Amino acid sequence: MRISTKGRYGTMAMLDLALHYGEGPTLVKDIAERQHISERYLEHLLILLKVAGMVRSNRGTHGGFTLAKAPSLIRLSEIIQVTEG
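**Student:** Residues and numbers for the pairing of strand S2 (residues 64-67), please.
**Tutor:** Side-chain alternation along S2 places Gly 64 and Thr 66 on one buried face and Phe 65 and Leu 67 on a second face that is also buried. Here strand S1 (residues 55-58) runs beside S2; their pairing, made up of 4 bridges, is antiparallel. Bridge pairing links Ser 57 to Phe 65 in S2. Here S1 hands over to S2 after 5 residues, with Gly 60 in that stretch at a positive phi of 100°.

Written out as structure tokens, the structure reads:
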């Protein structure tokens, strides 16, 4: 099975959020820097994951993205399915 760039980057973003789970919202800029992903591309992927109910977003000065459920409850196949379409 081949995984596209969307699938790989979506998985990397979710892994980053899982590693920082419980620390509060994570900025797109911080994820992009740590994972070497374009911010614009990452925003697009995180919106897809948000619509699917896998991440939550917060606005404002303390805004960012967090996982919608515990990392242990998220399956890789779910991430791939959402990002690959």
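**Student:** Break down the nonpolar core for me, with residues and values.
**Tutor:** Ranked by internal contacts, the top residues of the largest apolar core, which has 16 residues, are Met 14, Leu 17, Leu 42, Leu 46 and Val 55. Mapped onto this core, the elements with two or more residues apiece are helix H1 (5-19), helix H2 (28-35), helix H3 (39-51) and S2. The contact partners of Met 14, leaving out residues within four places of it in the chain, are Leu 49, Met 54, Val 55, Leu 67, Ile 74 and Ile 79.

Calculation rules
Residues numbered from 1 in each chain as written. Predicted model: local features only at pLDDT ≥ 70, side-chain atom pairs only at ≥ 80, totals over all residues. Heavy atoms only, no water. Buried < 20%, exposed > 50% of the residue type's maximum accessible area, 1.4 Å probe, protein only. Helix = DSSP H or I, 4+ residues; strand = E, 2+ residues; numbered from the N terminus. Pairing = 2+ DSSP bridges. Core = buried A, V, L, I, M, F, W, Y, C linked by side-chain atoms within 4.5 Å. Contact = heavy atoms within 4.5 Å.

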